[in-house]
Amino acid sequence: PAGLSASTFPAKLWRLANDPRVRSVRWDSRAQGLLIDRSLFEQELLSPGRTCQAAPDSFKAMQFHSFVRQLHRYGFHEVLARDGTAEPG
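Since this is a predicted model, take the numbers as computed values, not measurements. (Residues numbered from 1 in each chain as written. Predicted model: local features only at pLDDT ≥ 70, side-chain atom pairs only at ≥ 80, totals over all residues. Heavy atoms only, no water.)

K.L.:
Help me understand the overall build of the chain in this model?
P.N.:
Summing up its helical and strand segments, the chain has three helices and two strands in all. Listed N to C, the secondary structure of the chain is α-β-β-α-α in terms of helices and strands. Partitioning the intrachain contacts of the chain with sequence separation of at least 6 by distance along the chain shows that 33% fall at a separation of at least 24. Working note: accessible area of the chain is about 6200 Å², and carbon and sulfur atoms make up 52% of it. (Helix = DSSP H or I, 4+ residues; strand = E, 2+ residues; numbered from the N terminus. Contact = heavy atoms within 4.5 Å. Areas by Shrake-Rupley, 256 points an atom, 1.4 Å probe, with all protein chains shown as cover.)

This is how it looks when you write it as structure tokens:
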């Protein structure tokens, strides 16, 4: 997005959510939040033998909980479904 340094966490996350090659991160149906498939995200982007080369070295984190800490740092939070469980994905 314009005005956002390409090297910042939010810019990297925005690029991932808008890259059709990345299957583990996508916008929700209203484009107001992100849906992240944890196991696929770990496989595509965090593991040393990652399967998706769309965003090489996107994040310094190698564990999902470190990535989640970064999300929280930038004001993201988990949204629960009406039944109290985490949204699918």
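The discussion continues.
K.L.:
Please explain unusual backbone geometry as it appears in this structure.
P.N.:
It is generally the case that most residues other than glycine have a negative phi and that most peptide bonds are trans. Phi is positive for alanine 31, which is not a glycine, with a value near 55°. Tracing the backbone through its elements, the reader meets alanine 31 in the loop between strand 1 (25-27) and strand 2 (34-36).

K.L.:
Just to check I follow, could you spell out the packing of aromatic side chains for this structure?
P.N.:
Two descriptors summarise a pair of aromatic rings, namely the distance from one centre to the other and the angle between the planes of the rings. Across all of its chains, the model carries five aromatic pairs by this definition. An angle of 10° between the planes, with centres 5.5 Å apart, marks the rings of phenylalanine 9 and tyrosine 74 as stacked. Of this pair, phenylalanine 9 sits in helix 1 (residues 9-18) while tyrosine 74 sits in the segment after helix 3 (64-73); the two residues are 65 residues apart in sequence, bridging distant segments of the chain. With 5.9 Å between their ring centres and 40° between their planes, phenylalanine 64 and phenylalanine 67 make a pair best called tilted. Pair noted here: phenylalanine 64 and phenylalanine 67 are both in helix 3, with a separation of three residues, about one helical turn. Look at phenylalanine 64 and you get buried, because its relative accessible area is 12%. Residue phenylalanine 67 is classed as buried on the basis of its relative accessible area of 0%. (Phe/Tyr/Trp six-rings, centres within 6.5 Å; stacked < 30°, edge-to-face > 60°. Buried < 20%, exposed > 50% of the residue type's maximum accessible area, 1.4 Å probe, protein only.)

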